[in-house]
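Structure assessment
If you want the building blocks of each chain, they are given just below.
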Amino acid sequence: MRILLRLHSDAPLELPMNYQEYLIGFMYKNIRDKKYRSFLHNEGYTFQGKTYKHFAFSRLLGPYRYNRSRKTITFAPAFSLMVTSPLDHFVQEFAQSMLRSDELQIGQYRVYLNSFETLPEPNPFPDTLRIRMLSPIVTYSTLRHPNGAKYTYYYSPHQEQFSSMIEANLKRRYFSMHPDENDNELARPLSIVPCRVDRRHKVVTRFHGVIIEGWMGEYEISGDLRLLRWAFHSNLGNKGSQGCGVFECID
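As the structure is a computational prediction, the values presented were derived from the model and not from experiment.

With that settled, consider the overall build of the protein chain. A tally of regular secondary structure across the protein chain gives 5 helices and 18 strands. Relative to the compact-globule value of 18 Å for 251 residues, the protein chain shows a C-alpha radius of gyration of 18 Å, a close match. With the C-alpha coordinates aligned to their principal axes, the bounding extent of the protein chain is approximately 50 × 40 × 40 Å. Burial analysis of the protein chain (251 residues in total) assigns 47% to the buried set. For the protein chain, contacts bridging at least 24 residues in sequence account for 75% of all contacts bridging at least 6. Working note: accessible area of the protein chain is about 13100 Å², and carbon and sulfur atoms make up 46% of it.

In structure tokens:
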């Protein structure tokens, strides 16, 4: 499900350029069930040796300005946030918390909920979508240098491997919650093609000292409807629970 939160604060929000850690804290704080919150934070859903949280969120949406000397980004007092999850349990917990809490906070700022809207999926759901990223799409491999040291290699949307890496990640996340299904039942492979993506859309952030490379821009995705629906209600690529891979559909 897709949830659009419309929020406001008493003053503009001046946040660090890499502010996703504040949004991660906002997400976990607003899961009222402590046991479920602990499970998501510390364990998650495992499949084939991988762990997934099965929720994602966008960047803050609304007018902003950069202050490069202070290395901050300041958002207007009225802004929005898209939250996605294909899991009913997560959506119920998060929705109840948001609607009942009177102490919402992002960083040092007290924020207030103006509206809470669940967004429907397209009807009928098409097998091809034109999308615009609301948070960077990230995909990578862990490789080894000749000296044996591991390093992370991030793929560009213009590389041949990009689409297949996105598809493989999406399949793992889908099958982690649908273990009785398999690849052979999918009608067609997933494809993601950059439409309006250039070097200006590259985003480099830092999280807990780790550099993450992702891409904004516009893409066309097509494939089996089950995978497309899972992407629509979650995200594309890695690091969704760190605020990556959420998109909106465009004409």
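The discussion continues.
What follows covers the nonpolar core. Generally speaking, nonpolar side chains in soluble globular proteins are found buried as a group. Counting residues in each nonpolar core, the largest one holds 66 residues, and the members touching the most others are Phe26, Phe90 and Leu236. Sequence-distant contacts of leucine 236, that is, excluding residues within four places in its chain, are made with Ile131, Ile137, Ile166, Leu170, Arg173, Ile192, Ile221, Ala231, Gly245 and Phe247.

With that settled, consider the packing of aromatic side chains. In this structure the tally under the stated criterion is 14 aromatic pairs. Taking 6.3 Å as the distance between ring centres and 20° as the angle between the ring planes, the aromatic pair formed by tyrosine 36 and phenylalanine 39 counts as stacked. Of this pair, tyrosine 36 and phenylalanine 39 are both found in helix α2 (residues 34-42), 3 residues apart, which corresponds to roughly one turn of the helix. By the ring-pair criterion, three or more aromatic residues cluster together here, those being Tyr19, Tyr64, Tyr66 and Phe75.

Residue proline 124 is bonded to the preceding asparagine 123 through a cis peptide linkage, with omega at 0°. Considering the arrangement of structural elements, one finds proline 124 in the loop between β10 (109-119) and β11 (128-133). Despite not being glycine, glutamine 48 has its phi angle at roughly 50°, a positive value. Position of glutamine 48 relative to the elements: it lies in the loop between β3 (45-47) and β4 (50-52).

Our focus in this paragraph is the sheet that holds strand β8 (residues 78-84). As a general point, the strands of a sheet are linked pairwise by backbone hydrogen bonds and lie either parallel or antiparallel. One open sheet holds the 5 strands; their spatial order is β5-β8-β1-β10-β9, and the pairing between them is antiparallel. A single partner strand is all that each edge strand has here, and the edge strands are β5 (56-57) and β9 (104-106). Across 8 bridges, strand β1 (residues 2-9) lies against β10 in antiparallel orientation. Each bridged residue has a counterpart across the sheet, and for isoleucine 3 the counterpart in β10 is threonine 118.

Strand order across the open sheet formed by 3 strands is β2-β7-β6, with antiparallel pairing between neighbours. The strands lining the two open edges of the sheet, one partner per strand, are β2 (13-16) and β6 (64-67). The sheet shows a mean angle of 25° between the axes of neighbouring strands, taken without regard to direction. Pairing geometry for β6 and strand β7 (residues 72-75), over 4 bridges, is antiparallel. Bridge assignment links tyrosine 66 to a residue of β7, and that residue is isoleucine 73.

Cut-offs applied
Throughout this document, residue positions are counted from 1 along each chain, in the order its sequence is written. For this predicted model, a pLDDT threshold of at least 70 governs which residues receive local features, and a threshold of 80 or more governs which side-chain atom pairs are given and counted, while totals over whole chains, interfaces and linings are taken from all residues. Computation of side-chain values covers all heavy atoms of the structure but excludes hydrogens and water. For helices the rule is a DSSP run of H or I covering at least 4 residues; for strands it is a run of E covering at least 2, with both sets numbered from the N terminus onward. C-alpha atoms define the radius of gyration in this analysis, and the globule rule sets the expected value at 2.2 Å times the number of residues to the power 0.38. Three exposure classes are used, based on accessible area relative to the maximum for each residue type with a 1.4 Å probe and protein chains only: buried under 20%, partly exposed in between, and exposed over 50%. By definition in these notes, contact holds between two residues if any of their heavy atoms fall within 4.5 Å. In short, Shrake-Rupley with a 1.4 Å probe defines the accessible areas, and a residue's cover is counted only from the protein chains shown. In this description, a nonpolar core means a group of buried Ala, Val, Leu, Ile, Met, Phe, Trp, Tyr and Cys residues linked to one another through side-chain atoms lying within 4.5 Å. To pair, rings of Phe, Tyr and Trp, with the six-membered ring standing in for Trp, must have centres within 6.5 Å; the planes then decide the type, stacked if under 30 degrees apart, edge-to-face if over 60, and tilted in the middle. A pair of strands is treated as paired once DSSP finds two or more bridges between them. Note on method: axes are straight lines fitted to C-alpha atoms, helices fitted across the in-contact stretch only, with angles between N-to-C directions ranging 0 to 180 degrees.

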